[in-house]
Every structure is written in C-alpha cells, then in structure tokens.
Amino acid sequence: MNETNHFDLMLNALTEIMQEEKATQTTPLSQPAPALPNLRSLLTRLSPLPQEALFLGMAMDGLPVLLNLYDPVPGPILIAGDASSGKTRLLQTVARAAEMLHSSASVQYGIVTTKPDEWESLYDSENNAGIYQTDEENTSELLQSLVTWAHNNRGEGQSILLLIDGLESATKLDEQTRQNLRWLLLRGPSRRIWTFVTLDADRAEEQKEWLEFFRTRLFGCVENSEHAILLTGSSPLNHLSKGDEFAMREGSKLLKFWLPAIE
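Per chain, the residues get numbers from 1 upward, laid out in the order the sequence is written. In keeping with the predicted nature of the model, local features appear solely for residues at pLDDT of at least 70, side-chain atom pairs appear and are counted solely at 80 or more, and the whole-chain, interface and lining totals rest on all residues. Computation of side-chain values covers all heavy atoms of the structure but excludes hydrogens and water.

## Topic: the nonpolar core
Leu162 and Leu231 are the most contacted members of the largest nonpolar core, which totals 34 residues. Here the element with the most residues in this core is helix 4 (residues 137-152); it accounts for five residues. When near neighbours in sequence (up to four residues on either side) are disregarded, leucine 231 contacts Ala80, Leu199, Ala201, Ala204, Leu211, Arg217, Phe219 and Val222. Buried Ala, Val, Leu, Ile, Met, Phe, Trp, Tyr and Cys residues form a nonpolar core when they are joined through side-chain atoms within 4.5 Å. Each residue gets one of three labels from its accessible area relative to the maximum for its type: buried under 20%, exposed over 50%, partly exposed in between, using a 1.4 Å probe on protein chains only. Only DSSP runs of H or I reaching four residues or more are called helices, and only runs of E reaching two or more are called strands; each is numbered from the N terminus. Contact between two residues is taken to exist if any of their heavy atoms lie within 4.5 Å; hydrogens are not considered.

Quick look at the structure:
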C-alpha cells in the first residue's frame, strides 16, 4: 500500500469514528488529525530518484512531484497563497529534501527572507549557502554574485536554488538588485539557477508586472475568489487544506499535492 492510500484510509477511519461518537455522545470528543508521513522516511521509500530530480511534494496518486534541474523549460517557480497557506513550509520542504537527496557539490541553496529566525534549523546544513535578510546589503551582493556565477556556468555541474520568501519585499530593493533579480528569473534556469519565490495572494494585483516572469506556479489555499482567479486564470483555490496542500496546473486542470512532515 502506498503512503497516500494509507493516509486516505486513516482519514476515512477517523471520519467513521467521529460519526459513531456523535451518535452515542451528547458532547463529541475531539480527535487529533492523523500525522503526516515524515519527509525522510518518505524519501527513503521513493529512493533512488534521478540525480536531476528536486522533490516538491506528493501527488494524490502516490507519485512524487519533481522538478528536473537539468531542464530549464519550467522557468522560475512562484508559490502563491494566503498568509497562512504554508508557502514558507513548502520552501523549507524543498530545502530539506535537497539536503537529503543531493550533495552540496551538486545542489546548494540560498535563502532570502524577512524572517531569518524561521530558518534557524537549516543554519548548519552543508547545502545551505547562506540565509540573508531581505533588506540588508548582503542580499544585493548575493544576487550580484549569482548573476556573475551564472555567466560563467553553461548549465553543467552544480545547481543553485534561490529561495526568496516574500516577492513583495524583494521588489522594493534598489534598481540594480531588481535588475539582477529579473535577469535570474529570465536566464537563471538555463544556467542551473532556480528561483523559488513566495507571494501573498492579496499582494498579487500590485505585483502583476512580476507575475509575468512565472510560467510555473504552485498554489496554496486562497479564500478570496478574485485573488485566486488573478493567479490561476480561472480556478478557485479555497478547497486546499491550509498548511499542507498545494496545487499546480497540469493542462487545463489543477494537480493537487501534499507536503510531508519536516522533522
């Protein structure tokens, strides 16, 4: 039995138990939700994955959602959703999975965030090239160094993940830094620099100029239908569970996937 089917059975069993208790008790007991599978144990079950694969999550059919680091076609990745939809957790899942599946010689990541404290658990990782606070000078230096590195890298060897937690903050930096970010979004994937950027759904309208850079978008829960349609073009996103469910476009449909627990 695969992990997803096991998870679904747990949910079904929990639902039946709660229904039975409601029928026999005046005040139903609160039941804890079943625990999500652990990232490390899940990746162990999936191994070996291709060396070019970057793990993003698990689809509802039990197959992993992967990004091919050697194929630049998907371009930079936008992660959009409400403030409580789990965008930072998805970035952290990508970082943790990169550590577990790739050596630092093959994949490294750098983090740009307004809240460095949320990333303390990753400080000592060999794959971690640094955690940068968005409005500090070293963030601008990081983007400049990545552009320089990319000019010398012809798509061979190491891959770099640039994880930006908060597009709206990054677009308020100085013009040269914004220009470097534009270049990385347009040219980075062909030079093995993959940019993942989060965006609060209620800021999408004011970031429309930047949305055009992202052909690949991962969606968390968005309660406001107008915000969801702006991001997806047509689809509502209020059916996604906050914190652990996301969706991505697959043809004319949305493919839903979930995040394992990070130890």
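## Re the pattern of salt bridges
A side-chain nitrogen of Lys or Arg and a carboxyl oxygen of Asp or Glu constitute a salt bridge if their distance falls within 4 Å. Evaluation of the coordinates by the stated rule reveals eight salt bridges. A salt bridge links arginine 96 to glutamate 99, with the nearest nitrogen and oxygen atoms 2.9 Å apart. Within this pair, arginine 96 and its partner glutamate 99 are both found in helix 3 (residues 87-101), separated by three residues, close to a single helical turn. Just as arginine 96 is buried, glutamate 99 falls in that class too. Because the salt bridges share partners, they merge into one network encompassing Glu175, Arg178, Arg182 and Glu209.

## What to know about unusual backbone geometry
Geometrically, the link from serine 47 to proline 48 is a cis peptide bond, its omega value of 0 degrees lying close to zero. Along the chain, the position of proline 48 falls in the loop between helix 2 (39-46) and strand 1 (53-59). Of note, arginine 192 is a non-glycine position whose phi angle comes to about 70 degrees, a positive value. Inspection of the secondary structure assignment puts arginine 192 in the loop between helix 6 (175-187) and strand 7 (193-200).

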